[in-house]
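Listed below, chain by chain, are the residues.
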Amino acid sequence: MGNRAKQRSSTLRQRQVLFPFLLPLFCGAFSEQISYSIPEEMARGSVVGNLTKDLGLSVQDLLTRNLRVSAEKQYFTINAENGNLLVSGRIDRESLCPLNPVCVLPLEIVAENPLNVFHINVMIEDINDNPPSFPQNSVVLQINELAIPGARFGLESAIDADVGLNCLQSYQLSYNEHFSLMKRNKTEGKNTPELLLEKPLDRERQSSHLLVLTAVDGGDPVRTGTTQIRIEVTDANDNPPVFSQDVYKVSLPENLPSGTSVLKVTATDQDEGINAEITYSFKILGDVGNMFMLDHQSGEVKSKNPIDFEISSSYTINIEAKDGGGMATECKILLEILDENDNAPEVVFTSVSSSIMEDAEPGTVIALFKTHDKDSGENGQVSCLIKEKVPFRIQSSANNYYKLVTDGTLDREQTPEYNVTITATDRGKPPLSSSITITLHIGDVNDNPPVFQQSAYLVHVPENNPPGASIAQVSASDPDLGPNGLISYSIVASDLEPRALSSYVSVNAQSGVLFAQRALDHEHLRAFQLTLQARDQGSPALSTNVSLRVLVTDRNDNAPRVLYPALGPDGSALFDTVPRAAQPGYLVTKVVAVDADSGHNAWLSYHVLQASEPGLFSLGLRTGEVRTARALGDRDAIRQRLLVSVRDGGQPPLSATATLHLVFADSLQEQAPPNTDWRFSQAQRPGTSGSQNGDETGTWPNNQFDTEMLQAMILASASEAADGSSTLGGGAGTMGLSARYGPQFTLQHVPDYRQNVYIPGSNATLTNAAGKRDGKAPASSNGNKKKSGKKEKK
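Residues numbered from 1 in each chain as written. Predicted model: local features only at pLDDT ≥ 70, side-chain atom pairs only at ≥ 80, totals over all residues. Heavy atoms only, no water.

1. Describing the overall build of the protein
Thinking step 1. Regarding its fold elements, the protein presents 9 helices and 52 strands.
Thinking step 2. Scored against the burial criterion, the 794 residues of the protein give a buried share of 46%.
Thinking step 3. Long-range pairs, those at least 24 residues apart, make up 66% of the contacts in the protein with a sequence separation of at least 6.
Thinking step 4. Split by element, the accessible area of the protein, about 39400 Å² in all, is 49% carbon and sulfur. (Helix = DSSP H or I, 4+ residues; strand = E, 2+ residues; numbered from the N terminus. Buried < 20%, exposed > 50% of the residue type's maximum accessible area, 1.4 Å probe, protein only. Contact = heavy atoms within 4.5 Å. Areas by Shrake-Rupley, 256 points an atom, 1.4 Å probe, with all protein chains shown as cover.)

2. Here we look at the state of the cysteines
Thinking step 1. Taken as a whole and assessed by the stated rule, the structure comprises 1 disulfide.
Thinking step 2. Covalent S-S linkage joins Cys-97 and Cys-103, the inter-sulfur distance amounting to 2.1 Å. Handedness of the Cys-97-Cys-103 disulfide follows from its S-S torsion of about 60°: it is right-handed.
Thinking step 3. When its relative accessible area of 10% is taken as the criterion, Cys-97 is described as buried.
Thinking step 4. For Cys-103, a relative accessible area of 1% puts it in the buried group. (Disulfide = S-S within 2.5 Å.)

3. Quick notes on the sheet that holds strand S9 (residues 116-125)
Thinking step 1. As summarised here, the arrangement of the 4 strands in space is S3-S9-S8-S5, forming an open sheet in which the pairing is mixed. Every interior strand has two partners, whereas the edge strands, strand S3 (34-39) and strand S5 (68-70), have only one. Neighbour-to-neighbour, the strand axes of this sheet turn through a mean angle of 35°, independent of strand direction.
Thinking step 2. Inspection of the sheet shows S5 paired to strand S8 (residues 104-111) by 3 bridges, in the antiparallel sense. For Val-69, the partnering residue across the bridge sits in S8 and is Ile-109. (Pairing = 2+ DSSP bridges. Axes fitted to C-alpha atoms, helices over the stretch in contact; angles between N-to-C directions.)

4. Remarks on a nonpolar patch on the surface
Thinking step 1. There is a patch of nonpolar side chains on the surface, built from Val-102, Val-104 and Met-123 and spanning about 230 Å² of accessible area.
Thinking step 2. Inspection of the secondary structure puts Met-123 in strand S9.
Thinking step 3. Accessibility expressed as a relative area gives 38% for Met-123, which makes it partly exposed. (Patch = residues over 30% accessible without salt bridge, like charges linked within 9 Å, V, L, I, M, F, W, Y side chains within 5 Å. Salt bridge = Lys/Arg side-chain N within 4 Å of Asp/Glu carboxyl O.)

5. Quick notes on the pattern of salt bridges
Thinking step 1. Tallied over the full model, the rule gives 16 salt bridges.
Thinking step 2. Two residues, Arg-68 and Glu-112, come together in a salt bridge whose shortest N-O distance is 3.1 Å. Here Arg-68 is found in strand S5, whereas its partner Glu-112 is found in the loop between S8 and S9, with 44 residues between them in sequence.
Thinking step 3. Overall, the relative accessible area of 22% leaves Arg-68 in the partly exposed class.
Thinking step 4. A salt bridge links Arg-93 to Asp-126, with the nearest nitrogen and oxygen atoms 3.2 Å apart. Placement of Arg-93 in helix H4 (residues 93-96) and of Asp-126 in the loop between S9 and strand S10 (138-144) is noted, with a sequence separation of 33 residues between them.
Thinking step 5. Here the residues in one salt-bridge network are Glu-41, Arg-90 and Asp-92, joined through shared partners.

6. Let's talk about the side chain of Asp-478
Thinking step 1. With respect to the helices, strands and loops of the structure, Asp-478 is situated in the loop between strand S37 (476-477) and strand S38 (487-494).
Thinking step 2. Buried within the structure, Asp-478 lacks any salt-bridge partner; its nearest side chain of opposite charge belongs to Arg-412, at an N-O separation of 6.9 Å.
Thinking step 3. Separated by 3.0 Å, the side chain of Asp-478 and the backbone nitrogen of Asp-480 make a polar contact.
Thinking step 4. Residues in contact with Asp-478, not counting those within four places in the same chain, are Asn-448, Pro-449, Pro-450, Asn-484, Gly-485, Ile-487 and Asp-536. (Lys, Arg positive; Asp, Glu negative; His and termini not counted. Polar contact = N/O pair within 3.5 Å; in protein donor to acceptor, adjacent residues only side chain to side chain.)

7. Describing the sheet that holds strand S40 (residues 513-516)
Thinking step 1. In space, the 3 strands of this open sheet follow the order S36-S40-S39, with antiparallel pairing throughout. Two strands bound the open sheet, and with one partner strand each, they are strand S36 (470-473) and strand S39 (505-507). Neighbouring strand axes in the sheet, compared pairwise and without regard to direction, differ in orientation by 25° on average.
Thinking step 2. Bridge analysis of S36 against S40 gives 3 bridges, and the strand direction is antiparallel. What sits directly across from Gln-473, in S40, is Val-513.

8. Description of the confidence of the model for the protein
Thinking step 1. Of all residues in the protein, 79% have pLDDT values of 70 or greater, and the mean over the chain is 80.
Thinking step 2. Every residue in residues 1-31 scores below 50 in pLDDT, and together they form 65 contacts with partners more than four places removed in sequence or on other chains.
Thinking step 3. Here residues 672-709 scores under 50 on pLDDT; set against residues more than four positions off or in separate chains, the count is 83 contacts. (pLDDT = per-residue confidence, 0-100.)

9. Thoughts on the environment of Ala-541
Thinking step 1. Position of Ala-541 relative to the elements: it lies in the loop between strand S41 (527-536) and strand S42 (543-553).
Thinking step 2. A sequence separation of 56 residues divides Ala-541 from Gly-485, and the C-alpha atoms of the two residues are 10.0 Å apart.
Thinking step 3. When sequence neighbours within four positions are dropped, the list of residues in contact with Ala-541 reads Asn-446, Arg-535 and Asp-536.

10. Quick word on the packing of aromatic side chains
The relative placement of two aromatic rings is captured by the distance of their centres and the angle of their planes.
Thinking step 1. One pass over the structure, following the stated rule, counts 10 aromatic pairs.
Thinking step 2. Ring centres of Phe-349 and Phe-369 lie 5.3 Å apart, and the angle between their planes is 45°; this geometry places the pair in the tilted category. Taken as a pair, Phe-349 in strand S26 (residues 346-352) and Phe-369 in strand S28 (residues 365-372) lie far apart in primary sequence, 20 residues in all. Accessibility classification places Phe-349 together with Phe-369 in one group, the buried group.
Thinking step 3. For the pair Tyr-504 and Phe-528, a centre-to-centre distance of 6.4 Å together with 50° between the ring planes defines the contact as tilted. (Phe/Tyr/Trp six-rings, centres within 6.5 Å; stacked < 30°, edge-to-face > 60°.)

11. Thoughts on the environment of Pro-430
Thinking step 1. Tracing the sequence through the fold places Pro-430 in the loop between strand S32 (417-426) and strand S33 (433-443).
Thinking step 2. For the pair formed by Pro-430 and Asn-341, sequence separation is 89 residues and the distance between their alpha carbons is 7.7 Å.

12. Structural notes on unusual backbone geometry
Glycine aside, residues mostly have negative phi angles, and peptide bonds mostly take the trans form.
Thinking step 1. In this model, Asp-220 is joined to Pro-221 through a cis peptide bond whose omega is 5°.
Thinking step 2. Structurally, Pro-221 is set in the loop between strand S15 (208-217) and strand S16 (224-234).
Thinking step 3. A cis geometry characterises the amide bond from Lys-429 onward to Pro-430, with omega recorded as -5°.
Thinking step 4. The phi dihedral of Asn-255 is positive, around 70°, even though this residue is not glycine.
Thinking step 5. Structurally, Asn-255 can be placed in the loop between strand S18 (247-253) and strand S19 (261-264).
Thinking step 6. Judged by its relative accessible area of 39%, Asn-255 is partly exposed.
Thinking step 7. The phi torsion at Asn-400 lies on the positive side, around 60°, for a residue other than glycine.
Thinking step 8. Within the secondary structure, Asn-400 is located in the loop between strand S30 (392-396) and strand S31 (401-406).

13. Brief notes about the pairing of S40
Thinking step 1. Strand direction decides the pairing type here: S39 and S40, joined by 3 bridges, are antiparallel. Across the sheet, the residue bridging to Ser-506 is Phe-515, located in S40.
Thinking step 2. Counted along the chain from S39 to the antiparallel partner S40, the turn is 5 residues long, and its residue Gly-512 has a positive phi close to 80°.

14. What about the environment of Tyr-564?
Thinking step 1. Positionally, Tyr-564 belongs in strand S43 (residues 561-564).
Thinking step 2. Residue Tyr-564 is classed as buried on the basis of its relative accessible area of 2%.
Thinking step 3. Taking the C-alpha atoms as reference points, Tyr-564 and Val-592, 28 residues apart in sequence, are found 4.9 Å from one another.
Thinking step 4. Side-chain polar atoms of Tyr-564 contact the side chain of Asp-576, separated by 3.3 Å.

Listed below in structure tokens is the structure:
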């Protein structure tokens, strides 16, 4: 048997016929439907056909396109090396297609990149692997001895699961002089054997007969099945039961509860007594006995278990009626099961893209799925829809296949994933539906540049910071993922010198923290501008710039600096003369000081620490002006000394001290120095200790400190001019200095140092008051300076 099956399988493979026709493809192309024909029970690994050749694919497509078989049960597989379609499981035609002469297995061959599906039919041909078999190995027939020749007695038919020539073809009966075999065609088209009585029986002569009935199929080699028939000759009963119909036809809806009446058959017998008592029984049980039950007395057939159209759409029931004398007859019930819409459609995904990029074009295929409904007719017709409002739609294809495609713009940053629910609904009444939800993850594209948390940054950094200190941090966000959202920071522009930039500041590329590379000095650099860039790691990379301004704030790190009074060139102290007749409020002199700091740190105040005659002089808190507080008394000393403290407004405050030497005289000549010119010469002007230029011509000094001192004095005069309180005389353009210091010190020689003088109540300096100086009439000054190197008379 094994050699014969192998030989037949080989023969059938040589007779394979391909039937290509065109069907729409899922990606805009066309695929061929291929049909193969193979015998059942082929060995595992047997070749059905070559898909790469028949589908027009290359061997490389087997791996790159992930060619695979999509089926509910894997009877076949694909050889990834050569594309052969191989048998991978036992193929039994009788199990796959019971009672069906044509057995076709539909296959879907799915390919990716792009997504395609190829429809293939594999026709399973029958081999003679099932012999005919009778329901019972032996049967007993009771035949009355009065039965006349020509009487017929029905026998149970044999069953053969094979089809075509391999199925049951004929019956043979062992020789017996009383009986022969008669065949008649029944409605179902099978040969039903009947015994034909050839000669009268005599129970007293022979009470029983043993026959052998053989069923023969048409296979090669022939297979047979046998059953023994025991004939028991009974006493006379000359009328068999007669059914009201030979064939009953009934339609029954599925899903009826157990115990539902199907049909009641009726037979009558013209005999009397026990010979007219009829009992009913199933002639052939099989599946009928599992699904139905029969009342042996009434002939009523009822459902035993729920009837399912999807399991079987029809049943043939043979019922035998037998009287008490042993005579029997049979009828047939043809039961048609009517389909009810009791099966919801199913949705099965055959392929789903692992990732969908957010820049996918509309119409991009995302997934392939198919629907299946076990019901028939309109109950099995399915439509699909998506209930949610999502950028996807369903596109119908062939053979209950559908494509899920994009139908709008995707934005991962707005919606990183979608839960798409596909609902399949049939056309039954009422309709049934089922849903399946898949989660689609949207892949990231670098479509978002980094965004800073602020449109611009303003940073205040106190001066004298330690080098390497963190002074600010910028932060940007990028909603993209992975490298597309990984941000690095850098400085791309600055108003500092390019070569000096790296010595001032740096930025951490990962954190955005800005570091000072050196200690910043407000007096040297008050502000600078940076342009920082946030750049992601996408391809191509996206970036955003932001402006950051650094204001170096002042600390009180500079003490006031007294420019006047100062020591003379020879180190001796200078003195100022005061007329004896000076009235209260007379301007004697002015303490001049500057502070390199800014704001409150440079707001100076003047205080008397010591005085020879307390109460004789007053000191302006903010101006530093020394005025007479009262008239000189007879008991007051001619020579007076004031120790003045100059204090800034910082916290804590810093200070400096200056000593004033004041001399009262009736006239200026009384204390005049040898120089008859009352203007200070270049050697006599206020300056640093030991400042000797030796130039009497009045040229501008070249000593830096002396220059600063004079500038501060000029600045003080400018302050007076600004508020209209100046008492220092002088002509226009000299700010009241030419009367005391000579015409060589005019505004055209003086750099503007007014920014070092703080105007209380505002952030302005004296530069803001420049417009107020013009037009003010300067007051005259009666003060003079003299050296106090020698002891003076009172």
